[in-house]
Amino acid sequence: IGNTIGAGILRTPGEVASHLPNTLLFLAVWVLGGLYALLCSVSIAEVATLVPRSGGHYVYARYTFGDYTGFIVGWSDWLSTCASAAAVSIIIAEYSGLLLPAIAGRQTQIAIAVVVLFAMLQWRGVRWGSRTQEVTSLLKALGFIAIVVACWAYSGPKPAAPVPAPELHGVTLFAGLILSLQAVIYTYDGWAGVIYFSEEVHDPARDIPRSMFGGVLAVMAIYVLVNAATLHLLPVTKIAGDSLPLGTAARLMWGAHADQVLEILVIVSMLSAINAYHLM
């Protein structure tokens, strides 16, 4: 949950709705993306329990294709994870500046401080990193669930669809499904995070599959609920092309205070993500 749920669920729905401006298809593609991740997790979980070594995909590439391929896979994976940690720290700094104008303009210093802080947590030991991951992931999940409940509880005026949804069929439908699935599958990426520290798991044969299957199912539930809650307030044609549909829904409910709510949600979401990257 901590490694998977990030900014994607906030931005991707607008892209998906632009390709599939149909309520049922819009929701169905999020379920299909989750089922795809679940099928992938079956394969990786089997390999991970057979070779419970820390290092992620590097371990399997080295066992299968030898040292050179393992080196290429491991190096590129390590580099991309470092880049992801840097990018997430910048997002945390930018949204912190929006939330607290007094620290605006110090994004670089804040980003470096965040990276160093979480590195120190890992330096204290795996138990510290693990507990931090559990707490920040729980806060993230509760934050999204709270917004879902608020959306369904809202009974005020709702915007009408600006234009009727076009009918999809043939090539248009097929292309829309492929492009939407591409975006959704990317948003589900991160479900295999546990394989990067398989040796730190007490019982790999039990806990690795539980982490992957339970994680995918929990993420899928959150994604479907968030999108269904957004659809409860906004028509699918209003979501289409919106870079932050949940933000539009939040502004409908809370007006000027919506931005602060979303800024806090993004920061909390990114904290669990950067801790996961450090663990990896």
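I will try to describe carefully the structure that is included in this document.

### A short note on the overall build of the chain
At step 1: Per the secondary structure count, the chain includes 11 helices and 0 strands.
At step 2: When the helices and strands of the chain are read in sequence order from the N terminus, they spell out α-α-α-α-α-α-α-α-α-α-α.
At step 3: For the chain, whose C-alpha radius of gyration is 20 Å, the value lies close to the compact-globule estimate of 19 Å for 280 residues.
At step 4: The principal-axis extent of the C-alpha atoms belonging to the chain is close to 55 × 55 × 30 Å.
At step 5: With 280 residues in all, the chain has 43% of them scored as buried.
At step 6: Contacts in the chain between residues at least 24 apart in sequence constitute 78% of all its contacts with a sequence separation of at least 6.
At step 7: Just so you have it, the chain exposes about 14400 Å², and 68% of that area is on carbon and sulfur atoms.
At step 8: Each charge sign in the chain was given a centre, from 13 positive and 15 negative side chains, and these centres are 8 Å apart.

### Details of the pattern of salt bridges
At step 1: Counted by the stated rule, this structure contains 6 salt bridges.
At step 2: Two residues, R131 and E134, come together in a salt bridge whose shortest N-O distance is 3.5 Å. You can see R131 and its partner E134 sitting in helix α6 (residues 126-153), 3 residues apart, about one turn around the helix.
At step 3: Residue class for R131 comes out partly exposed when judged on its relative accessible area of 43%.
At step 4: When the shortest N-O distance is used, the salt bridge between D207 and R206 registers 2.9 Å.

### Thoughts on the nonpolar core
At step 1: Judged by nonpolar contacts, the single largest core of 70 residues is most densely connected at I9, W30, F144, Y188, I195, M212 and L246.
At step 2: Top element by residues in this core is helix α8 (residues 204-233). It accounts for 11 residues.
At step 3: If near-sequence neighbours (up to four positions away) are discounted, I195 is found in contact with I44, A48, R53, S54, G55, G56, H57, Y60 and M212.

### Comments concerning the side chain of T132
At step 1: Within the secondary structure layout, T132 lies in helix α6.
At step 2: Using a relative accessible area of 17% as the deciding quantity, one classes T132 as buried.
At step 3: Residues in contact with T132, not counting those within four places in the same chain, are F118, L121 and N275.

### Looking at the packing of helix α5 (residues 107-124) against α6
At step 1: The geometry of α5 relative to α6 is characterised by a closest axis approach of 5 Å and an angle of 125° between their N-to-C directions. Between α5 and α6, the interaxial angle falls into the category oblique. Across the interface between the two elements, F118, L121, Q122 and R124 from α5 touch W128, G129 and T132 from α6.
At step 2: Across the contact of α5 with α6, the residue classes break down as 3 nonpolar, 3 polar and 1 charged.

### Overview of the packing of aromatic side chains
At step 1: Enumeration over the complete set of coordinates arrives at 3 aromatic pairs.
At step 2: Each ring, one from W30 and one from Y223, has its centre 5.7 Å from the other, and the planes form 75°; the classification is edge-to-face. In this pair, W30 sits in helix α2 (residues 23-50) while Y223 sits in helix α8, placing the two residues 193 residues apart along the sequence.
At step 3: On the numbers, 4.9 Å between centres and 65° between planes, the contact of Y188 with Y223 is edge-to-face. Note that Y188 is positioned in helix α7 (residues 170-188) and Y223 in helix α8, a separation of 35 residues in sequence.

Reading the values: the criteria
- Residues numbered from 1 in each chain as written.
- Predicted model: local features only at pLDDT ≥ 70, side-chain atom pairs only at ≥ 80, totals over all residues.
- Heavy atoms only, no water.
- Helix = DSSP H or I, 4+ residues; strand = E, 2+ residues; numbered from the N terminus.
- Rg over C-alpha atoms; globule rule 2.2 N^0.38 Å.
- Buried < 20%, exposed > 50% of the residue type's maximum accessible area, 1.4 Å probe, protein only.
- Contact = heavy atoms within 4.5 Å.
- Areas by Shrake-Rupley, 256 points an atom, 1.4 Å probe, with all protein chains shown as cover.
- Lys, Arg positive; Asp, Glu negative; His and termini not counted.
- Charge placed at Lys NZ, Arg CZ, Asp CG, Glu CD.
- Salt bridge = Lys/Arg side-chain N within 4 Å of Asp/Glu carboxyl O.
- Core = buried A, V, L, I, M, F, W, Y, C linked by side-chain atoms within 4.5 Å.
- Axes fitted to C-alpha atoms, helices over the stretch in contact; angles between N-to-C directions.
- Parallel < 35°, antiparallel > 145°, perpendicular 65-115°, else oblique.
- Nonpolar A, V, L, I, M, F, W, Y, C, P; charged D, E, K, R; others polar.
- Phe/Tyr/Trp six-rings, centres within 6.5 Å; stacked < 30°, edge-to-face > 60°.

Any functional reading would require information beyond the geometric quantities listed.
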